[in-house]
Structures are given as C-alpha cells and as structure tokens.
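Close look at the chain arrangement
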Amino acid sequence: MAHKWKDVRKPLTPEAEERIQRGVTEAAAVMTLHQLREARNLTQVNLAKVLQINQGAVSKMEKRADMYVSTLRNFIQAMGGQLQVKAIFPEGEVQIDQFENVAESHETPLVPARSV
C-alpha cells in the first residue's frame, strides 16, 4: 500500500530533518564529471565541440580516475566553471595556485638561482 510523503516524514524529529537535509546538501556537493556535465545540462557532443575534441574523448575523460590537472581544468572551464585545488588539513584549508597558470609558466623563462 502506498503512503503519502507527508505521513512518512511526519514522525521525524527536527534533528532528524536537519540530518537528512545536511546529507542531501553534501551529496549534491560531490559529483563525478559525468554527473556534473549532466547537471549543467550539457551533452558529451556539446562539450566535445567546446573542447575541440570528439565525443568519444569526452566519454573517456569522464571515466578516468586519473588525469592531468590541465586536462581537468579545461574540462571544467568548458562547462563554464573554474577549477580550484586546495589542501585540507585539520588546522584549515590552503588554496594551491601553482596549477592556475600552467600555460603562462611555460612561457616564462627560468631565472637561475643566485648562490649566496
């Protein structure tokens, strides 16, 4: 027998409701690249056109467990986002910015270190 949603939720305490809401929020904050693309209402074909690659390459990227930071950055930017890399420690978080301008860093000539 089917039950009405409001009857199912009625016996929950405010604490339980809060715990459920927190779980829903946390689940929405963690997605695979495939889920993220779909949440942005993009097809693999659309994304492939922006990235100037074929649809099969997008499919492979979505299944990878490991990739270059620059590849991931391009994928996220193609969806209209910005990739941020941060380290999380018990004391707090630190944003890592050395990956943000990878292309620019390759164009900058290296300056030899001075010996003291």
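Residues numbered from 1 in each chain as written. Predicted model: local features only at pLDDT ≥ 70, side-chain atom pairs only at ≥ 80, totals over all residues. Heavy atoms only, no water.

So, on to the overall build of the chain. Helix and strand content of the chain: seven helices and two strands. Ordered by position from the N terminus, the helices and strands of the chain form the series α-α-α-α-α-α-β-β-α. Counting every position in the chain, which comprises 116 residues, the buried fraction comes to 16%. Considering only contacts within the chain whose residues lie at least 6 apart along the sequence, 36% involve residues at least 24 apart. Accessible area of the chain: about 9900 Å², with a carbon and sulfur share of 55%. (Helix = DSSP H or I, 4+ residues; strand = E, 2+ residues; numbered from the N terminus. Buried < 20%, exposed > 50% of the residue type's maximum accessible area, 1.4 Å probe, protein only. Contact = heavy atoms within 4.5 Å. Areas by Shrake-Rupley, 256 points an atom, 1.4 Å probe, with all protein chains shown as cover.)

What follows deals with the pattern of salt bridges. Counted by the stated rule, this structure contains two salt bridges. Of the charged contacts, one joins Glu-62 and Arg-37 as a salt bridge, the two residues approaching to 2.3 Å between their closest N and O atoms. Of this pair, Glu-62 sits in helix H5 (residues 55-63) while Arg-37 sits in helix H3 (residues 33-39), and the two are 25 residues apart along the sequence. Among the residues examined, Arg-37 registers a relative accessible area of 5% and is labelled buried. Glu-93 is paired through a salt bridge with Lys-86; the nearest N and O atoms lie 3.0 Å apart. (Salt bridge = Lys/Arg side-chain N within 4 Å of Asp/Glu carboxyl O.)

Attention now goes to unusual backbone geometry. Despite not being glycine, Asn-41 shows a phi value in the positive range, around 55°. Assessed through its relative accessible area of 70%, Asn-41 is described here as exposed.

On to the packing of helix H4 (residues 44-51) against H5, then. For the pair H4 and H5, the least separation of the axes is 8 Å and the interaxial angle reads 105°. Classified by the interaxial angle, the pair formed by H4 and H5 is roughly perpendicular. Across the interface between the two elements, Gln-44, Val-45, Leu-47, Ala-48 and Leu-51 from H4 touch Gln-55, Val-58, Ser-59 and Glu-62 from H5. Taken together, the residues that form the contact of H4 with H5 break down as five nonpolar, three polar and one charged. (Axes fitted to C-alpha atoms, helices over the stretch in contact; angles between N-to-C directions. Parallel < 35°, antiparallel > 145°, perpendicular 65-115°, else oblique. Nonpolar A, V, L, I, M, F, W, Y, C, P; charged D, E, K, R; others polar.)

Attention shifts here to the nonpolar core. Judged by nonpolar contacts, Leu-33, Leu-47, Ala-48, Leu-51, Val-58, Met-61, Met-67, Phe-75, Ile-76, Ala-78, Met-79 and Leu-83 together constitute the single largest core of 12 residues. Of all the elements in the fold, those that place two or more residues in this core are H4, H5 and helix H6 (69-78). With residues up to four places along the chain from it excluded, the contact list for Leu-33 reads Met-61, Glu-62, Met-67, Leu-72, Phe-75 and Ile-76. (Core = buried A, V, L, I, M, F, W, Y, C linked by side-chain atoms within 4.5 Å.)

Alignment of strand E1 (residues 85-89) against strand E2 (residues 92-96), held across five bridges, turns out to be antiparallel. Its bridge partner lying in E2, Ala-87 is registered against Val-94. Connecting E1 to the next strand, E2, in antiparallel fashion are two residues. (Pairing = 2+ DSSP bridges.)

Another point: the packing of H4 against H6. Contact geometry for H4 and H6: axes closest at 9 Å, N-to-C directions at 115°. When the axis of H4 is compared with that of H6, the two are roughly perpendicular. Where H4 crosses over H6, the two elements pack in a sense that is right-handed. Seen from H4, the contacting residues are Leu-47, Val-50 and Leu-51; seen from H6, they are Asn-74, Phe-75 and Ala-78. Taken together, the residues of the contact of H4 with H6 sort by class into five nonpolar, one polar and no charged. (Left-handed = near helix turned anticlockwise from the far one by under 90°.)

Geometric descriptors of this kind do not, in isolation, establish any biological role.
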